[in-house]
Protein chains: 2
Amino acid sequence: MGVTLKDVAELAGVSRSAVSRTFTQGASVSPKTRRKVERAAAKLGYQPNALASSLTTGRTKLVGLIADNFHNPIFLQVFDLFTRGLQERGLRPLLVNLSEERDPEASLRMLRQYSVDGVIVASSTLPPTFPRAFRDAGVPVVHSFGRFSSMPEVHVVGIDNVECGRMAARALIARGHRHIGFLGGPATASSTQDRYRGFGEVVAGDPALRVDVTYAAAYSFEAGRAEMARELARGPAEAYFCGDDVLSIGALSAVQSAGLTVPDDLGIVGLNDMEMAGWQNIDLTTIHQPVRQIIDTSIDVVVSLLDDAGRLPEARLFPCRLVERGTLKPPSDRTDR
Amino acid sequence: MGVTLKDVAELAGVSRSAVSRTFTQGASVSPKTRRKVERAAAKLGYQPNALASSLTTGRTKLVGLIADNFHNPIFLQVFDLFTRGLQERGLRPLLVNLSEERDPEASLRMLRQYSVDGVIVASSTLPPTFPRAFRDAGVPVVHSFGRFSSMPEVHVVGIDNVECGRMAARALIARGHRHIGFLGGPATASSTQDRYRGFGEVVAGDPALRVDVTYAAAYSFEAGRAEMARELARGPAEAYFCGDDVLSIGALSAVQSAGLTVPDDLGIVGLNDMEMAGWQNIDLTTIHQPVRQIIDTSIDVVVSLLDDAGRLPEARLFPCRLVERGTLKPPSDRTDR
DNA sequence: TGAGTCTTTGCAACCGGTTGCATTCCAAGG
DNA sequence: CCTTGGAATGCAACCGGTTGCAAAGACTCA
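Residues numbered from 1 in each chain as written. Chains lettered and ligands numbered in written order. Predicted model: local features only at pLDDT ≥ 70, side-chain atom pairs only at ≥ 80, totals over all residues.

J.: What is the right way to look at the relation of the copies chain A and chain B in this model?
T.: Related by rotation about an axis and a shift along that axis, the two copies of the chain form a pair. Relative to chain B, chain A is turned by 180° and slid 0.1 Å along the rotation axis, the superposed coordinates differing by an RMSD of 0.2 Å. What the rotation and shift describe, once combined, is the action of a two-fold rotation axis. Within chain A, the C-alpha atom positioned nearest to the axis of rotation is that of L94 of chain A, 2.3 Å from it. Looking at chain A, 100% of its interface residues are interface residues in chain B too, so the copies touch through the same face. (Least-squares fit on C-alpha atoms with pLDDT ≥ 70 in both. Contact = placed C-beta atoms within 7 Å.)

Have a look at this one:
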């Protein structure tokens, strides 16, 4: 069914090696042979079989892209950037959906069967044991949106979640709020834990503050709505730092349903600054996460690992910044800092 | 680096064929050999190389998943369902992002190089020439969310967009609106054209109606917002059928920014019923598109094509239904139908 | 025990490429 | 005109599997 090297070689009247060489960068072929081969290949509509060549070269140009949250709109952007970035570098993303997977080993096995050149784990909720499994199997791996560590076990690209937590706490305090809330993502997620740590640090210094802490079940709209509804029933704080934007939007929805006004009755600051956060009917004040940079860097790292698999794991962090929109009052006059 | 068939064979003290056979469904191996092989394989951590075997079997279990819109949240759900569905059937999605691609030939070539077993084109905006190119290349292809035709050139799974257009028009009329609008997606998309056709059909019968027609530049929030802003400046209709949900939400945003109330000042009905449409702070009245069924069916079709590539192309349509939420007034008393 | 049948097994060729090595070709230099 | 050396080419082995085929083994039944 497919046209093979042999067919082209026969038509061009050269050896199979010659054909192979004309399609290989930097191999030595005379212009004459090259021309003959190219003509024959064009006539037959020949496409080299990438899989067959991977057998000898050991390179498939396949990259596993692993995600575990398909309910957070930020991931649409993440997929867009990853797929485009990988394509531009001649790599192909093999998408793995881990959202209902109980056994990460299964996807590890699968990706090994397809001998992917590398793996990108795009998740802030997967435990580090997961990317580590790839490293242990000798597969280059980078954990995007993963947890910072000064001695990371695998390459990590992301943000300083602790600092984001601080930034959020300071923002709430600067608005004059004294009763503030931390409405985190899943308590088991490292991102949640780190953000809480930073938040807690700042808050700990001020005995005048009252702080509520709760955790949503997932980084999703529903979880945010449910958790905020619970808070409202319990008697809410004046303003909340929510785990991320989609959680914030869920919370926002609960607040509005309760007939309260944002930001006057209750303020919210999110994290991510995903596309939707800027939509006028959402208009979320949030901490911007430089998704594009994180993804570009992740790809660069995985590409560099293709040549130098043994490189020592590094953690790269990108700075975040507060984006002021409509869900948090402007800073109060009492200039706390 | 990798453990191969040979290694296992040597450790188990059998031939390579024996090892291959224990890993192949339905091959004849004695329980004794199988046990030996399995033990050896486990000890070495052997993983059969799927790519190498694809060379002889002609099956890669790779399926190209092609999308061209990464700004519409519905696609997150689409990716979720496709990846899960494919994984469950032992197939691997090779994701292709066509959003900035000028040359579809390039992705065709690429997917052929990876000898994908089949291709799913998930888009209502790509022209039929695109999936046709795969068919012509002998690659099984199904066009999800594609245009209906009684004599389709490739397998199509989707909805009856013409009927959706009718449904929307009837819904607007039933609410007592006499000045109604069609705010479509890109005019070049077949989905837009078909929806307009149905809409036009219903509307044509009633000379008392006044109808505005405009098209947004894309199925995206921004395009919907911009187009509705233009309508508002021009003097809007009483209620609109918007191309899809994300367009509707953009339009909604423009309406709210203009200080108008929905649905009293202006009504909106969308299409898709994506997850977000049900979020309480959006609460969009919309036509439900059975995404899950479409995707499950698409996968079934592509799987069946793996065994019987020559099957005649069919178009499968699924019925849609109106989901009443808060962006369209309840039907008026004058019971038009 | 032996014939007949069915199952298991290994050999070797093959899938579609790549690549080390030896050979041939060609042009420049003496 | 003959060397000499680099470039171009083909041969054949190899990548990691699968599979048709023939031989060997196991089992049934007489």
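What follows picks up the thread again.
J.: Just to check I follow, could you spell out helix α5 (residues 74–88) of chain A for this structure?
T.: Note: α-helices contain 3.6 residues per turn, so residues at a spacing of three or four share the same orientation. Residue and element names in this part refer to chain A. With 15 residues, α5 should cover 21 Å at 1.5 Å per step; its first-to-last C-alpha distance of 21 Å lies within 8% of that length. Taking burial as the measure, the 15 residues of α5 include 13 buried ones, the bulk of the element. Downstream of α5 by one or two residues, G90 has phi in the positive range, about 75°. (Helix = DSSP H or I, 4+ residues; strand = E, 2+ residues; numbered from the N terminus. Expected span 1.5 Å × (residues − 1). Buried ≥ 20, exposed ≤ 12 C-beta atoms within 10 Å, placed from the backbone.)

J.: What is the right way to read the interface of chain A and chain B from this model?
T.: You'll often see interface size given as the accessible area lost when the parts meet. Tallying the contact residues gives 40 residues for chain A and 40 residues for chain B. Only α4 (50–57), α5, β2 (92–97), α6 (104–113) and α11 (245–257) of chain A provide two or more residues apiece to the side of chain A that touches chain B. If one sorts the elements of the side of chain A that touches chain B by residue count, α5 of chain A sits on top with seven residues. Within the side of chain A that touches chain B, the residues separate by chemical class into 18 nonpolar, 16 polar and six charged. (Nonpolar A, V, L, I, M, F, W, Y, C, P; charged D, E, K, R; others polar.)

J.: Please clarify how the pairing of strand β1 (residues 62–67) of chain A should be interpreted in this entry.
T.: The two faces of a sheet get side chains in turn, since along a regular strand they alternate between them. Residues and elements named next belong to chain A. Counting buried positions along β1 yields six of six residues, so the element is predominantly enclosed. Burial along β1 is two-sided: the residues L62, G64 and I66 and V63, L65 and A67 are all buried. Bridging between β1 and β2 involves six bridges; their strand directions are parallel. Paired with A67 across the bridge in β2 is N97. This β-α-β element, β1 to α5 to β2, shows right-handed connectivity. Alignment of β1 against strand β3 (residues 118–122), held across five bridges, turns out to be parallel. Bridging from a neighbouring strand, V63 pairs with G118 of β3. (Pairing = 2+ DSSP bridges. Right-handed = clockwise from strand over helix to strand, strands pointing away.)

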